[in-house]
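Coordinate analysis (summary)
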Amino acid sequence: MGIANRLSTSLGLARSLVVYYGQPWRRSALRKFYASFVKPGDLIFDIGAHVGSRSRTMIDLGARVVAVEPQPAFADFIESRFAGSLAGFERVAVGRSAGEIDLLISSRHPTVTSISSRFVETVKQSKGFSQVVWDRKVTVPMVTLDHLISKHGIPAFCKIDVEGAEAEILYGLSRPIGMIAFEYIPAMPSVASNAIDRLMGLGGYRFNRVVGEQHRFVWDRWKTADELLVELSQMPPEAPSGDVYARIEIQ
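Note that the structure is a prediction, hence the values are computed from the model and not measured. (Residues numbered from 1 in each chain as written. Predicted model: local features only at pLDDT ≥ 70, side-chain atom pairs only at ≥ 80, totals over all residues. Heavy atoms only, no water.)

You can see arginine 27 is positioned in helix H2 (residues 24-35). No salt bridge is formed by the buried arginine 27, whose closest oppositely charged neighbour, aspartate 60, lies at an N-O distance of 5.1 Å. Residue contacts for arginine 27: discarding those within four places in its chain leaves Tyr20, Tyr21, Ser53, Arg56 and Thr57. (Helix = DSSP H or I, 4+ residues; strand = E, 2+ residues; numbered from the N terminus. Buried < 20%, exposed > 50% of the residue type's maximum accessible area, 1.4 Å probe, protein only. Lys, Arg positive; Asp, Glu negative; His and termini not counted. Salt bridge = Lys/Arg side-chain N within 4 Å of Asp/Glu carboxyl O. Contact = heavy atoms within 4.5 Å.)

Shown next as structure tokens:
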């Protein structure tokens, strides 16, 4: 990596640390939100751990967290700062099948690192990503969610934030997990719809969602897949992204 790339990477990491650790009111809201369903002793998978802010919150709640992060700068940070705190750390990508895959990295905006070239090509056209350049590519190992379960156990909650590859990860899962959260991006509605379809093939899930970093559910009741799909389909591409939460009710 050249000097310019190293500088961009350092600045990108610093920006992420400010965003995810430098706003204590947001961290307090996140802790309150997670405390409503994360219990002491729960096994949690944090897939796309980034700088570990979600992992840190769940560890503080007494959960046993397995963090998964292939992006080199983030992975180095987690390994150095979370030593001894995690139940496990996996420096791998997660996908439909095991093997290797190219990780597309934006040095200045590392949170939008992705294994999905389709994600990169699609969001490049949107206003919110107009300043983002994916300037590096590294090849990383890839495993399946089934593999992680065989190694670490079945999690009570699995959070997935991988910039457009959420559905691919769920196609590497062959059994239901009690609660799963995955990012939705209105500019790429097929990712969320494919993820929802996959989950409904695994069990009787009901759904809720969170907008951006608001850390509260949009709805007072959990909705069906069809209800969620209708709402997501009506969002304009420029609408803010967020997270879909899926809770198993019928296996």
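Here the narrative resumes.
For the rest of this paragraph, the subject is the sheet that holds strand E4 (residues 93-94). Pairing is mixed in the open sheet, where three strands are placed in the order E4-E6-E5. Either end of the sheet is taken by a strand with one partner, and the two such strands are E4 and strand E5 (99-105). Where E4 and strand E6 (residues 136-143) come together, two bridges link them in parallel fashion. Looking at the pairing, valine 94 lines up with valine 143 of E6. (Pairing = 2+ DSSP bridges.)

In this section: helix H4 (residues 72-81). Every buried residue of H4 is listed here: Ala73, Phe74, Ala75, Phe77 and Ile78. Sitting at the head of H4, glutamine 71 places a side-chain oxygen 2.8 Å from the backbone nitrogen of alanine 73. (Polar contact = N/O pair within 3.5 Å; in protein donor to acceptor, adjacent residues only side chain to side chain.)

Glancing now at the packing of H2 against helix H3 (residues 53-60). The N-to-C vectors of H2 and H3 enclose an angle of 55°; their axes lie 10 Å apart at closest approach. Here H3 runs oblique to H2, going by the angle between their axes. When you trace H2 past H3, the crossing you get is right-handed. Contact with H2, carried on its side by Arg27, Leu30, Arg31 and Tyr34, involves Ser53, Arg54, Arg56, Thr57, Met58 and Asp60 of H3 and no other residues of that element. Residue composition of the contact of H2 with H3, grouped by class: three nonpolar, two polar and five charged. (Axes fitted to C-alpha atoms, helices over the stretch in contact; angles between N-to-C directions. Parallel < 35°, antiparallel > 145°, perpendicular 65-115°, else oblique. Left-handed = near helix turned anticlockwise from the far one by under 90°. Nonpolar A, V, L, I, M, F, W, Y, C, P; charged D, E, K, R; others polar.)

Quick look at the pattern of salt bridges now. Tallying each qualifying case throughout the model produces eleven salt bridges. The salt bridge involving glutamate 79 is made with arginine 91; its shortest N-O contact spans 2.8 Å. Placement of glutamate 79 in helix H4 and of arginine 91 in the loop between strand E3 (88-90) and E4 is noted, with a sequence separation of twelve residues between them. For arginine 91, a relative accessible area of 33% gives the class partly exposed.

Remark: helix H8 (residues 189-202) packs on helix H9 (residues 225-233), axes separated minimally by 11 Å, with the N-to-C direction vectors making an angle of 175°. When the interaxial angle is binned, H8 and H9 end up roughly antiparallel. The residues of H9 that touch H8, namely those facing Ala192, Ser193, Ile196, Asp197 and Met200, are Ala225, Leu228, Leu229 and Leu232. The class makeup of the residues in the contact of H8 with H9 is seven nonpolar, one polar and one charged.

This next bit is on the packing of aromatic side chains. Under the counting rule described, the total for this entry stands at twelve aromatic pairs. The interplanar angle of 65° and the centroid separation of 5.1 Å between the aromatic rings of phenylalanine 217 and tryptophan 222 together place this pair among those described as edge-to-face. Look at phenylalanine 217 and you get partly exposed, because its relative accessible area is 26%. Take tryptophan 222: its relative accessible area is 17%, and that puts it in the buried class. Judged by centre distance (5.3 Å) and plane angle (85°), the ring pair of phenylalanine 217 and tyrosine 245 falls under edge-to-face. On the criterion of sequence distance, the pair formed by phenylalanine 217 in the loop between strand E9 (204-211) and H9 and tyrosine 245 in strand E10 (residues 242-250) is long-range, its members being 28 residues apart. In textbook terms, an aromatic cluster arises when at least three aromatic residues are bridged by ring pairs, as seen for Phe33, Tyr34, Phe37, Phe157, Phe217, Trp222 and Tyr245. Taking NZ or CZ as reference, arginine 96 lies 4.3 Å from the ring centre of tyrosine 171, over its face. (Phe/Tyr/Trp six-rings, centres within 6.5 Å; stacked < 30°, edge-to-face > 60°. Lys NZ or Arg CZ within 6 Å of the ring centre and 35° of its normal.)

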